[in-house]
Every structure is written in C-alpha cells, then in structure tokens.
Amino acid sequence: MEFLKLIVNHMNSCLLRTRSIEEERMRHKALTELNHQKVIFFQGISHELKTPLTLMLSPLEDIINAYPQEAPIMSHLQIIRRNARRLLKLINSLLQFSNMESNKLEICYRETNITNFTRELVSNFKSMAETLA
C-alpha cells in the first residue's frame, strides 16, 4: 500500500510539473505576442507622426528661403524649423527603438557635444521664457 502511495505522489508531482511547464510556455508565448504588438504599434505611430511633420517641413524651408534673413518673422520661423527638426529626430529615434526591439536594427552609440545640445535646447525655450517674463 505504501508503494502505491509513493507511485501516486510521484505521478502527481510529474503531472504538476508538466502543467507548470505548459503554463510557462503559454505565458512566454503571450508575452512574445504582446511585445510584437507593441513594436508594431510604435512603428505605426512613428510613421503616422513622421509623415505630416515631413510634409510641413518642406514648405517651411521654402518660406525661410524666400524671406530675407533680416525679416522680423525669421526668428520665429527658425524656431519653428528647429523644433520641427527636433521632433522629427525624436520620432526617428522612436522608430529606431522599435526596430531594435524587433531585431531589425543594431544599436549604434555616438559621442555627443552636450554643450551644443544644451544651447540648442535653451534656444528652443527662449522665446517662451521671454513671453512669460
């Protein structure tokens, strides 16, 4: 009788282990699919944001090139262009990140001049700060 109890307990533990392995496999499959859907979502959003922004930048460049550099509106146009380009870079970064997530792109680190980056960032908010002051 004791032998039968040992066999039943062993079979029970084998079945529980098999169920646990199967549940883990199903969880992994669900997480993989969720990650895939996330990548597709970010790629779609990136493209949807990039298209109108790109279509706005071209006429903006035409206007900037058509006006003399001394025109009073020129500083505002240049701020708009600088921020539109910055937004485009952010969207491209988002797209690159989603491509890295889907293993379509390798990470490439590069050196950045933090001083120039900070100056550009400050100039983006300068007109807003002057307006609030």
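Basis of the calculations
Residues numbered from 1 in each chain as written. Predicted model: local features only at pLDDT ≥ 70, side-chain atom pairs only at ≥ 80, totals over all residues. Heavy atoms only, no water. Axes fitted to C-alpha atoms, helices over the stretch in contact; angles between N-to-C directions. Helix = DSSP H or I, 4+ residues; strand = E, 2+ residues; numbered from the N terminus. Parallel < 35°, antiparallel > 145°, perpendicular 65-115°, else oblique. Left-handed = near helix turned anticlockwise from the far one by under 90°. Nonpolar A, V, L, I, M, F, W, Y, C, P; charged D, E, K, R; others polar. Buried < 20%, exposed > 50% of the residue type's maximum accessible area, 1.4 Å probe, protein only.

Asker: Mind laying out the packing of helix H1 (residues 2-66) against helix H2 (residues 74-101), listing which residues take part and the relevant values?
Answerer: Running from amino to carboxyl end, H1 crosses H2 at an angle of 155°, the nearest separation of the two axes being 8 Å. The pairing of H1 with H2 is recorded here as roughly antiparallel in orientation. The hand of the H1/H2 crossing is left-handed. Looking at side-chain class alone, the contact of H1 with H2 contains 17 nonpolar, nine polar and six charged residues.

Asker: Explain the environment of Lys 38 to me, using residue names and the numbers behind them.
Answerer: Mapped onto the elements, Lys 38 comes out in helix H1. Its relative accessible area of 34% is what places Lys 38 among the partly exposed residues. In this structure the C-alpha to C-alpha distance between Lys 38 and Leu 95, which are 57 residues apart in sequence, comes to 12 Å.

Asker: Could you give me a rundown of the environment of Ile 45, with the residues and numbers involved?
Answerer: Inspection of the secondary structure puts Ile 45 in helix H1. Overall, the relative accessible area of 33% leaves Ile 45 in the partly exposed class. Between the C-alpha atoms of Ile 45 and Glu 24, which are 21 residues apart in sequence, the distance is 31 Å.

Purely geometric stuff here, so don't read any function into it on its own.
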